[in-house]
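# Descriptive analysis of the structure
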Protein chains: 4
Amino acid sequence: MPDKPSLGIGLIGTGFMGKAHVFGYVSAERVFELPFNFILRTVADISTVAAQGAASRFGFARSTPDWRTIVDDPEIDIVSITAPNALHKEMALSAIAAGKHVYCEKPLAPLGRDAREMAEAAERAGVKTQVGFNYLCNPMVALAREMIEAGELGEIRGYRGLHAEDYMSDASAPFTFRHDLAGGGALADLGSHALATAEFLCGPIAAVMGDCVTAIDERPDGHGGMRKVEVDDVGRAFIRFENGASGSIEGNWIATGRKMQHEFEIYGTKGALAFCQERFNELHFYSNDDALGRQGFRRIEAGPDHPPYGLFCVAPGHQLGFNDLKAIEIARFVEAIANTRKEPFNFRAGLRIQTLVETIWESSRQKSWMTV
Amino acid sequence: MPDKPSLGIGLIGTGFMGKAHVFGYVSAERVFELPFNFILRTVADISTVAAQGAASRFGFARSTPDWRTIVDDPEIDIVSITAPNALHKEMALSAIAAGKHVYCEKPLAPLGRDAREMAEAAERAGVKTQVGFNYLCNPMVALAREMIEAGELGEIRGYRGLHAEDYMSDASAPFTFRHDLAGGGALADLGSHALATAEFLCGPIAAVMGDCVTAIDERPDGHGGMRKVEVDDVGRAFIRFENGASGSIEGNWIATGRKMQHEFEIYGTKGALAFCQERFNELHFYSNDDALGRQGFRRIEAGPDHPPYGLFCVAPGHQLGFNDLKAIEIARFVEAIANTRKEPFNFRAGLRIQTLVETIWESSRQKSWMTV
Amino acid sequence: MPDKPSLGIGLIGTGFMGKAHVFGYVSAERVFELPFNFILRTVADISTVAAQGAASRFGFARSTPDWRTIVDDPEIDIVSITAPNALHKEMALSAIAAGKHVYCEKPLAPLGRDAREMAEAAERAGVKTQVGFNYLCNPMVALAREMIEAGELGEIRGYRGLHAEDYMSDASAPFTFRHDLAGGGALADLGSHALATAEFLCGPIAAVMGDCVTAIDERPDGHGGMRKVEVDDVGRAFIRFENGASGSIEGNWIATGRKMQHEFEIYGTKGALAFCQERFNELHFYSNDDALGRQGFRRIEAGPDHPPYGLFCVAPGHQLGFNDLKAIEIARFVEAIANTRKEPFNFRAGLRIQTLVETIWESSRQKSWMTV
Amino acid sequence: MPDKPSLGIGLIGTGFMGKAHVFGYVSAERVFELPFNFILRTVADISTVAAQGAASRFGFARSTPDWRTIVDDPEIDIVSITAPNALHKEMALSAIAAGKHVYCEKPLAPLGRDAREMAEAAERAGVKTQVGFNYLCNPMVALAREMIEAGELGEIRGYRGLHAEDYMSDASAPFTFRHDLAGGGALADLGSHALATAEFLCGPIAAVMGDCVTAIDERPDGHGGMRKVEVDDVGRAFIRFENGASGSIEGNWIATGRKMQHEFEIYGTKGALAFCQERFNELHFYSNDDALGRQGFRRIEAGPDHPPYGLFCVAPGHQLGFNDLKAIEIARFVEAIANTRKEPFNFRAGLRIQTLVETIWESSRQKSWMTV
């Protein structure tokens, strides 16, 4: 790989999302014709053993227990942040200050004001940024947007978005960082996906009316007592888009039985779309243009007609997996670094989601509609 | 059929719902071991020709253009009202005054105060009443309630209800009685089903926050002009049940592509249920008690284990149709007339739905939560 | 109903299928604009009590323990035979000899030679006959045939048919009449539906290669011993249609978990269809003519565009049930009696199915292809 | 990665499957705790340009137009063969002779006698081999086998397998190597998956009755004429397993609309399983042990309870993609090289499939059952 410039990669965090970033880097440079090669330089984890293990398994040249080593390394161009949410801000600001491009897992920061600071710092520094909303990288979601933009659905009138899982439904599961205010709750954690998808497809949300509910009031504190839960288990909102369409979203982490009910249904004057992340290689399309008696939701299966699917698999039906979405996300980010496309979901976009979440929280507290 | 008492039936209205009532009567007495026989005495329609045709085809002894003939007939015991909504009140009050049992199609009346007058009149008169919410007669919906009452889902935490169709999605379709205030709109017409199902399964709703939207502002008035639409095309609500669970419902008649998306999803501490009227012979059940690695939503198909299915079909998989639900509804009503069971959905219940609808309307106008 | 001629109905058998015939008659005359009225004259059951109960509940004027009473009654025009299979022949021949039209449940007779005798007798007598293959009366199956005939699928190349249930899968269930040669086995009982549907859609089958398997060799004889099962639990066949297409069918009554897997999938040069009786108000259609990247199986929901659905329900999504199919079957039969259409599935057609079944049995025994 | 031994990788072929092998190698060593590191040494393609491009993009140290360079390289331990089928034998035998482990795409060879020669050579040489039947690496298929082996389905009685696609359904598509005898046809190309899955789940097939059909007799030869197609477009078989169960399989490449209908349905005495590769992160399970009225096919979604899913994704619902299956396949192969497990699907297994295919062909030609 002699003739391409290289990008040095530093990774902070070696958990599930850290691993997913690594998959993304190593896949992306093989799947796409990227303008750069990646060099996996350093992986950081507060646990030295974890850092060393990750370096060995993932192929990083070095490991460190101190993430600042990465920020200070002039050979590192991109810093991938997959550490706990509370640390995102300090890490990102340091990396930005050092002139790195930053790829930070969601949520960008527990609080909107922190997210704003991060976004503005990045813009001042002129570095490229990315927040990990990789469901938007799904070719079938891209197809949905393309169809909407091409007018295949006509004018959009209604939207229903949802992201429901059950991983917090067991009331005997202990209190964690996710249950205090900085953690965010179901709306911030899952509803944020529903919000991001809604705006990705239908444009800006202008107003919201929130309904955030804590169903499990307290959880075991790990020391024999109980601790009050400060966040929502279910976060709902009515929404108005700037284009005039109305809709609703819901984030729910106590949805018993549901593992990945990231759904949307969009109704336009000429057609409709339905999607569920549980079967994310499919998009269901209804067209008023179909002949009478032959109309119905059509199950479109992902295939080479839906780029960049064809770079991963030769034929429809083979299907992309979660980690492939991560590779697409990284490819898009790197193209933005090469200035061949806009950042697909930068810190400003992450701030936008955080703003929506906080507006819904506030609306729920005040029990009244709020503009965003 | 000599040894059973008879009930004389009078039917007002010969449209689709009138026909459905007839199917219901003739099926019900053959499917169930009812304590009465039915005698189809008189059918009324403002059109003499329609009334005569209906009498001939449906098997009524007489026809009349004047519905009062039915109310005045001492041999008629049950009056089935399937005339336009605006006429329900006068017809029902007359029939009640004449001591008839009354089976009225939904909505009971365009306005809650009328519905209240009707319910109170019936209670004073001691006649039995019924409003046509026949989706509740589905054995799979009964199964859902039975499972909830038996604790198979544990404590209910969350609910999501929906009734979406697309039959008003064409903006060029003309203004009809459904588009003025008395007509009601999508919430009253379809959302009422979502509300009825929600309370049938989870008990009383204590508070609502409404969001009623008119997406198609005006429609052709049939005289070359346009007329302003006064009702909602989409009616949404956040809801709180008295039992503490939270949820949402939506009624939508501009949901392009959807024909019968009467859905619910219920999340309990021990399990979950999912249902859609598009495939109403199925109920999907998730149980936390299933073995690890073997958990999943289970597609229960309607069968003889789900009474009264077995009276219609000998084995699972054969499936009930819409008109069979009507037969069940009538059987239940007649059992109430025989005092062997409570009225399943009487005028008081119809009033309740109307009250919920009007509270949601008012909440939407005031943009604030309201108790019911 | 003064101005239409009447048809007197006699019913033999009061079990599930007897009840279904009654539903069919009473619905059919109300749903359709039939050229006759029905008069339910006599119901026969070897049990006097059952016959009397049925008369009372179903609305027959008289009951009898002797089916010959029906055959001898000059006021009876149609004889519905729902007695055990072994009696079909004698009953049908008697009724034909008396000049009655005969509607006989499937299978027409346990043996093809009996079926032939019955078909020929009916043809000589000039009476109309019908065998109860009511799945063919489904509007969505009619739609499938209409689409094929209109060329919407292009030339048909491949077919896969199936009818699988699990009602014989419990090996401890006792030996019944269904387990001896006259009973027929899974191919005759269920595979016959797959064969009827195959020919209904794709035309005559020219050759078959059978594979009939008895998986449960013996069953409790009800007297403490075991009795050898003489029939197939699974009957498979490769098939060649006269039009050159190839395919396969399977009848299976030990298909654990399956209640009504009456499926077909048809592949043509321009499109494909997929159907399952488990959701029989849907037909799935794939068209090569859809735009690239927008292709997929389209879930067409039954509605008024698919006659005669609209006579039962006003709008799509309401759905027909099993008993509605029976009403359609009876309406078609009566139209044939009125000479306004051909008999949809007469004794000759029933014989055809029996011939196919027996040819597959023989092919399986001889382990070689056979022409039909 | 200093403390693990390395395996040098040579790849022959740079098309879709070559790419998939590369994804597999780079993912596998990051996902799994493998006993080796991989070093991507050389990629070969008859086109020098393609080979160079692949080396650059995939990260191989060198490229070559001559595959023998790989076989001759003492630093290469595994040879991945993804070249056209007709070349598999020569390449594999050369690599085996050079003491390499060989990972060859399916089919192992167009003819069984060649496959046998390859399998025997590998066994004599003591090298490890693998054929690319990666659908078997799906955790949900592994779950199916585990459930069967644990007796959760009871005794297996019936099986239905299928692999249908439509990529050869366009009759105007030109004749290719896949259409002559060495190419194999639909049974060899797709039906082989159905056969492999059948034996993976239910054990050896003892006898077959084949039905191989050429539906498109001739195809454009690319020179203005037509050329006769020598292979089957649809290959069906009845099967008998050694355990006594009966079943059927079908391979079909003219199944209009189907992209990846690799399905199976298995009926046991205690339960059943249904699976379709179109939604390969799901397995549907029916258990007779579920309570009456609560039985139904349960949609089990892939998750960490189904190893090795949890190494790829942290939670259920995220889903594996096709390339992840390839990574699992490579991991299993490397574990076999390390002698920590048996080869999952070696050349002997590839030969077995080829033998099944050829027996079905011969059975179809002779129109008679054959033992395998």
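Residues numbered from 1 in each chain as written. Chains lettered and ligands numbered in written order. Predicted model: local features only at pLDDT ≥ 70, side-chain atom pairs only at ≥ 80, totals over all residues. Heavy atoms only, no water.

## Focus: the overall build of chain A
On a plain count of helices and strands, chain A comes out with ten helices and 17 strands. By the compact-globule yardstick of 21 Å for 372 residues, chain A fits well, its C-alpha radius of gyration being 21 Å. C-alpha atoms of chain A, sized along the principal axes, occupy 65 × 55 × 40 Å. Taking all 372 residues of chain A together, the buried fraction comes to 67%. Pairs at least 24 apart in sequence give 68% of the contacts found in chain A among residues at least 6 apart. For chain A, the exposed area adds up to about 12200 Å²; of that, 51% sits on carbon and sulfur atoms. Separation of charge centres in chain A, based on 38 positive and 48 negative side chains, amounts to 1 Å. (Helix = DSSP H or I, 4+ residues; strand = E, 2+ residues; numbered from the N terminus. Rg over C-alpha atoms; globule rule 2.2 N^0.38 Å. Buried < 20%, exposed > 50% of the residue type's maximum accessible area, 1.4 Å probe, protein only. Contact = heavy atoms within 4.5 Å. Areas by Shrake-Rupley, 256 points an atom, 1.4 Å probe, with all protein chains shown as cover. Lys, Arg positive; Asp, Glu negative; His and termini not counted. Charge placed at Lys NZ, Arg CZ, Asp CG, Glu CD.)

## Quick notes on the interface of chain D and chain A
Contact with chain D, which involves 41 residues of that partner, is made by 42 residues of chain A. It is Arg-30, Arg-57 and Arg-279 of chain D that lose the most area in chain D upon contact with chain A, and together they represent 18% of the buried surface on that side. The interface formed by chain D and chain A holds six salt bridges in total. Linking Arg-57 of chain D and Glu-33 of chain A is a salt bridge whose minimum nitrogen-to-oxygen distance equals 3.1 Å. (Buried area = accessible area lost by both parts, 1.4 Å probe. Salt bridge = Lys/Arg side-chain N within 4 Å of Asp/Glu carboxyl O.)

## Examining the sheet that holds strand E3 (residues 62-64) of chain A
Residue and element names in this part refer to chain A. Sheet architecture is open: six strands sit in the order E3-E2-E1-E4-E5-E6, paired in parallel fashion. The open sheet terminates on both sides in strands that have one partner only, identified here as E3 and strand E6 (129-131). Each strand of the sheet is rotated relative to its neighbour by a mean of 20°, with strand direction disregarded. Pairing geometry for strand E1 (residues 6-12) and strand E2 (residues 37-44), over seven bridges, is parallel. Across the sheet, the residue bridging to Leu-7 is Phe-38, located in E2. Its contacts with the sheet put helix H10 (residues 347-366) on strand E5 (101-104) and E6, and the angle it makes with E6 is roughly 35°. (Pairing = 2+ DSSP bridges. Axes fitted to C-alpha atoms, helices over the stretch in contact; angles between N-to-C directions.)

## With respect to the relation of the copies chain B and chain C
Once chain B has been moved 0.0 Å along the axis and rotated by 180°, it coincides with chain C to within an RMSD of 0.1 Å. Such values leave the two copies arranged in the relation of a two-fold axis. It is Gly-321 of chain B whose C-alpha, among those of chain B, lies nearest the rotation axis, at 1.8 Å. Comparing contact sets, 98% of the residues at the interface of chain B also lie at the interface in chain C, consistent with an isologous, same-surface contact. (Least-squares fit on C-alpha atoms with pLDDT ≥ 70 in both.)

## Considerations on the interface of chain B and chain C
At the interface, 43 residues of chain B touch 43 residues of chain C. Of the roughly 3900 Å² buried between chain B and chain C on both sides combined, carbon and sulfur atoms contribute 50%. Of all residues in chain B, the largest losses of buried area upon contact with chain C belong to Arg-30, Arg-57 and Arg-279 of chain B, amounting jointly to 18% of the total for that side. Taken together, the connections running from chain B to chain C amount to six salt bridges. One can count 20 residue pairs in polar contact (both at pLDDT 80 or more) joining chain B with chain C. For the side of chain B that touches chain C, the secondary-structure elements that each account for two or more residues are helix H1 (16-31), helix H2 (48-58), strand E16 (296-301), helix H8 (309-312) and helix H9 (322-337) of chain B. It is H1 of chain B that contributes the most residues to the side of chain B that touches chain C, eight residues altogether. Its residues placed into classes, the side of chain B that touches chain C shows 20 nonpolar, nine polar and 14 charged. (Polar contact = N/O pair within 3.5 Å; in protein donor to acceptor, adjacent residues only side chain to side chain. Nonpolar A, V, L, I, M, F, W, Y, C, P; charged D, E, K, R; others polar.)

## Observations regarding the UniProt feature "domain: Gfo/Idh/MocA-like oxidoreductase N-terminal" (unreviewed entry) in chain A
According to UniProt, the positions carrying the feature "domain: Gfo/Idh/MocA-like oxidoreductase N-terminal" (unreviewed entry) are residues 8-133 of chain A. Along residues 8-133 of chain A one finds 45% helix and 21% strand; the C-alpha atoms at either end are 23 Å apart. (UniProt positions renumbered as here; feature names shortened; annotations may be inferred.)

## Looking at the relation of the copies chain D and chain A
Of the transformation superimposing chain D on chain A, the axial component is 0.0 Å and the angular component is 180°, with the fit at an RMSD of 0.1 Å. A high fraction, 100%, of the interface residues of chain D reappear at the interface in chain A, so the copies pair face to face through one surface.

## Some points on the UniProt feature "domain: GFO/IDH/MocA-like oxidoreductase" (unreviewed entry) in chain A
With numbering aligned to this structure, UniProt lists the feature "domain: GFO/IDH/MocA-like oxidoreductase" (unreviewed entry) at residues 142-273 of chain A. When the span residues 142-273 of chain A is considered, its composition is 19% helix and 38% strand, and the gap between its end C-alpha atoms is 12 Å.

## Some points on the packing of aromatic side chains
Applying the stated criterion to the full structure yields 50 aromatic pairs over all chains. On the basis of an interplanar angle of 80° and a centroid distance of 5.1 Å, the ring pair of Tyr-25 of chain B and Phe-38 of chain B is categorised as edge-to-face. Of this pair, Tyr-25 of chain B sits in helix H1 while Phe-38 of chain B sits in strand E2 (residues 37-44), placing them 13 residues apart in sequence. Both residues of the pair, Tyr-25 of chain B and Phe-38 of chain B, belong to the buried class. Centre to centre, the rings of Phe-133 of chain C and Phe-345 of chain C are 4.6 Å apart; their planes meet at 35°, and the pair counts as tilted. You can see Phe-133 of chain C sitting in the loop between strand E6 (129-131) and helix H6 (139-149) and its partner Phe-345 of chain C sitting in the loop between helix H9 (322-337) and helix H10 (347-366), a full 212 residues away along the chain. Grouping residues by exposure puts Phe-133 of chain C and Phe-345 of chain C together as buried. Ring pairing ties together the aromatic residues Tyr-159, Phe-241, Phe-264 and Phe-275 of chain A, which thus form one cluster. (Phe/Tyr/Trp six-rings, centres within 6.5 Å; stacked < 30°, edge-to-face > 60°.)

## Quick notes on the sheet that holds strand E5 (residues 101-104) of chain B
All names here are of chain B. Read across the sheet, six strands follow the order E3-E2-E1-E4-E5-E6 without closing on themselves; strand pairing throughout is parallel. The open sheet has two free edges, formed respectively by strand E3 (62-64) and strand E6 (129-131), since each of these has just one partner strand. Mean inter-strand twist for the sheet, computed between neighbouring axes without regard to direction, equals 20°.

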